[in-house]
Amino acid sequence: MGAWGQSGPGGAGRGRPAPLGRAFWRLWSASTLSNLADGVVKVSLPLVAVTLPWLLFALPAGALTDRVDRRAAMLVANVARAAALVVLVATVLLGYGSIWALYAVALFVGIAETVYDTCAQSILPQVVPRERLSRANGRLQAAELAANEFVGPPLGGVLVATGIAVAFAAPAGLWAAAVGVLLLVQGQFRVVREHPTTIRADVAEGLRFLWRHRLLRTLATMTGLFNLATNATFAVFVLYAVGPDSAMGLSEAGYGLLFGTIAAGSLLGALVADRVERRLGRARTLALGVLGGVLTVTAPALTTDPLPIAAAFLTGGATLALWNVVAVSLRQRITPDRILGRVNSGYRLVAWGSRPLGAAAGGLIGETLGLRAVFGGAGALILLTLIGMTTVTDAAIAAAEQDPHD
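The text that follows walks through the structure, step by step, so that each part is easy to find. (Residues numbered from 1 in each chain as written. Predicted model: local features only at pLDDT ≥ 70, side-chain atom pairs only at ≥ 80, totals over all residues. Heavy atoms only, no water.)

1. Brief notes about the overall build of the chain
Okay, so step 1: Within the chain one finds 15 helices and zero strands.
Okay, so step 2: In terms of overall dimensions, the chain is globule-like: its C-alpha atoms have a radius of gyration of 21 Å, near the 22 Å expected for 406 residues.
Okay, so step 3: Summarising its shape, the C-alpha atoms of the chain cover approximately 60 × 55 × 45 Å along the three principal directions.
Okay, so step 4: Per-residue burial over the chain gives 50% buried out of 406 residues. (Helix = DSSP H or I, 4+ residues; strand = E, 2+ residues; numbered from the N terminus. Rg over C-alpha atoms; globule rule 2.2 N^0.38 Å. Buried < 20%, exposed > 50% of the residue type's maximum accessible area, 1.4 Å probe, protein only.)

Written as structure tokens, this is what we have:
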């Protein structure tokens, strides 16, 4: 094990880990409340709020993140989301609700989420020392998964059954509570700007930094290809798994439980990510994330038995969380604060932009060559990304941290 495993970033000392601090736990609480609201609202708002805002507004959101106080932007984003749902509740109660109002609010909430999430990821190095970022990101990701995947959607379903107005009012209240917690986070979180620039120039600078930084460019490319492959798989997996005429013959409830293993694995992986990172080193941990992805997408090609597929999904979810914690923490460490919002948004644009392409490719391949060909092809594509690990070595990571302006 290299220097990283002994005493590098991440706090690998043998004693008790250093505390993350009061400001972090307040940020964590606000993030948990916000993600719980996200989990509730995604049950009742159209899915347009999930992908479209990231594709259209990720880059401007990154530029905004580097121009303003990041905590203030998070506050405004949550206030805006809560206010939008209050307006929607009012239109429903007054009898003026419509599908177009629903879509408009969904898009607005999605845009605000883009701003909030970009700022939340960019503010963390200003709240937590860089050597503790992996542990902090693991705790944040675990809270996000628990709130957004396990608690939020079932709660949203109960609230929708109670009444549509209640279903929209509840997340508004959660976002308002998150605002209250964020107000307790003290300090200024605006980065220094040397001279005025345009939004277009800011976006271009962020993209140039991401493209020219070999390590970040490689990680972004690997993430994009990984998401393309997994979305190709899951776009057609329902046809393979659900219904009496499908290969697996699952009911809708069984299908939901099977997919729940991915979220459960991700929660477990997020909680142990910093410890795995210290023991294996960052490069090996990232490689483990790739191999777990291969296992996830190829398992259905090898068997129709739900139990081994569930085990593969659980393992893949855990290794995916390991990848996310290490990759996000690394990006936060080696990117200068003044440009971190733009680099984060550019990185996420690559990650999100490949998803609809993957879904389209999965449908096309499944239609022409069969569903197992989708699973096998996705596994081969993810395995191919291991070529990137020749660049993403522990030595390269350590060098990039020594010279963050690479």
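2. What about the packing of aromatic side chains?
Okay, so step 1: Per the counting criterion, the structure on display carries 13 aromatic pairs.
Okay, so step 2: A ring pair is formed by Phe237 and Tyr240, whose centres lie 6.2 Å apart and whose planes are at 35 degrees; its orientation type is tilted. Taken together, the residues span about one helical turn, with Phe237 and Tyr240 both in helix H9 (residues 214-241) at a distance of three residues.
Okay, so step 3: By relative accessible area, Phe237 is classed as buried at 0%.
Okay, so step 4: According to the relative accessible area criterion, Tyr240 is buried, its value standing at 4%.
Okay, so step 5: Between the aromatic rings of Tyr255 and Phe259, the centroid separation amounts to 5.1 Å while the plane-to-plane angle is 50 degrees, which identifies the pairing as tilted. (Phe/Tyr/Trp six-rings, centres within 6.5 Å; stacked < 30°, edge-to-face > 60°.)

3. Here we look at helix H14 (residues 371-384)
Okay, so step 1: In a regular helix each residue adds 1.5 Å, so 14 residues correspond to 20 Å; H14 covers 20 Å between its end C-alpha atoms and thus fits that length.
Okay, so step 2: Along H14, the residues classified as buried are Val374, Phe375, Ala378, Gly379 and Ile382. Relative to the axis of H14, the buried residues are bounded by an arc of 130 degrees and lie together on one face.
Okay, so step 3: On its buried face, H14 sits against H9, helix H11 (282-302) and helix H13 (340-369). (Expected span 1.5 Å × (residues − 1). Arc of directions from axis to C-beta. Contact = heavy atoms within 4.5 Å.)

4. Some words on a nonpolar patch on the surface
Okay, so step 1: Together, Leu52, Leu55, Leu56 and Phe57 line one region of the surface with nonpolar side chains, adding up to about 300 Å² of accessible area.
Okay, so step 2: Within the fold, Leu56 resides in helix H3 (residues 48-65). (Patch = residues over 30% accessible without salt bridge, like charges linked within 9 Å, V, L, I, M, F, W, Y side chains within 5 Å. Areas by Shrake-Rupley, 256 points an atom, 1.4 Å probe, with all protein chains shown as cover. Salt bridge = Lys/Arg side-chain N within 4 Å of Asp/Glu carboxyl O.)

5. A short note on the packing of H9 against helix H10 (residues 252-280)
Okay, so step 1: Running from N to C, H9 and H10 cross one another at 140 degrees; their axes reach a closest spacing of 11 Å. With respect to each other, H9 and H10 are oriented oblique. Between H9 and H10 lies a crossing of right-handed hand. Every residue of H10 that contacts H9 at Phe234, Phe237, Val238 and Ala241 is listed here: Tyr255, Leu258, Phe259 and Ile262. (Axes fitted to C-alpha atoms, helices over the stretch in contact; angles between N-to-C directions. Parallel < 35°, antiparallel > 145°, perpendicular 65-115°, else oblique. Left-handed = near helix turned anticlockwise from the far one by under 90°.)

6. What to know about the side chain of Thr385
Okay, so step 1: Residue placement: Thr385 occurs in the loop between H14 and helix H15 (394-402).
Okay, so step 2: The buried category is assigned to Thr385, whose relative accessible area is 5%.
Okay, so step 3: A distance of 2.5 Å separates the side chain of Thr385 from the backbone oxygen of Ile382, its partner in a polar contact.
Okay, so step 4: Not counting chain neighbours up to four residues away, the residues in contact with Thr385 comprise Met222, Leu225 and Val290. (Polar contact = N/O pair within 3.5 Å; in protein donor to acceptor, adjacent residues only side chain to side chain.)

7. Digging into the environment of Leu94
Okay, so step 1: Mapped onto the secondary structure, Leu94 falls in the loop between helix H4 (70-93) and helix H5 (99-127).
Okay, so step 2: For the pair Leu94 and Ala299, spaced 205 residues apart in the sequence, the C-alpha separation amounts to 51 Å.

8. Overview of the nonpolar core
Okay, so step 1: Leu215, Leu219, Leu286, Trp323, Ile382, Met389 and Val392 are the most contacted members of the largest nonpolar core, which has 29 residues in total.
Okay, so step 2: Looking at this core, the elements that each hand over two or more residues are helix H8 (199-212), H9, H11, helix H12 (306-334), H13, H14 and H15.
Okay, so step 3: Of all the elements, H9 adds the most residues to this core, at seven residues.
Okay, so step 4: Apart from residues lying up to four places away in sequence, Leu215 is in contact with Leu330, Ile334, Thr391, Val392, Ala396, Ile397 and Ala400.
Okay, so step 5: By size, the runner-up hydrophobic cluster in this structure holds 27 residues, among which are Leu75, Val128, Leu133 and Ala178. (Core = buried A, V, L, I, M, F, W, Y, C linked by side-chain atoms within 4.5 Å.)

9. Regarding the packing of H11 against H14
Okay, so step 1: Direction vectors running N to C along H11 and H14 enclose 165 degrees, while the axes themselves pass 8 Å from each other. Comparing their axes, H14 and H11 come out roughly antiparallel. You can see that H11 and H14 cross each other, and the crossing is left-handed. Side by side, H11 and H14 meet where Val290, Leu291, Gly293, Val294, Val297, Thr298, Pro300, Ala301 and Leu302 of the first sit next to Arg372, Phe375, Gly376, Ala378, Gly379, Ile382 and Leu383 of the second.
Okay, so step 2: For the contact of H11 with H14, a count of residues per class yields eleven nonpolar, four polar and one charged. (Nonpolar A, V, L, I, M, F, W, Y, C, P; charged D, E, K, R; others polar.)

10. A closer look at H5
Okay, so step 1: If you check H5, its first and last C-alpha atoms are 41 Å apart, about what 29 residues at 1.5 Å a residue would give, namely 42 Å.
Okay, so step 2: Along its length, H5 reaches its greatest deviation from straightness, about 25 degrees, at Gln121, and the proline Pro125 lies no more than four positions downstream. (Bend = angle between axes of the 7 residues up to and from the residue.)

11. Overview of the pattern of salt bridges
Okay, so step 1: Counted according to the given criterion, the structure contains twelve salt bridges.
Okay, so step 2: With a shortest N-O distance of 3.0 Å, Asp38 and Arg81 are connected by a salt bridge. Remark: Arg81 occurs in helix H4 and Asp38 occurs in helix H2 (residues 22-44); sequence separation between them is 43 residues.
Okay, so step 3: Given the relative accessible area of 0%, Arg81 is considered buried.
Okay, so step 4: A salt bridge links Arg282 to Glu401; its shortest N-O distance comes to 2.5 Å. With Arg282 in helix H11 and Glu401 in helix H15, the pair connects residues that are 119 residues apart, well separated along the chain.

12. Section: the environment of Leu159
Okay, so step 1: Its place among the elements puts Leu159 in helix H6 (residues 133-162).
Okay, so step 2: Looking at Leu159, the relative accessible area reads 13%, which means it is buried.
Okay, so step 3: Considered as a pair, Leu159 and Ala170 are eleven residues apart in the sequence and their alpha carbons are 8.0 Å apart.
Okay, so step 4: Not counting residues up to four positions away in its chain, the partners in contact with Leu159 are Val40, Val166, Ala167 and Ala170.

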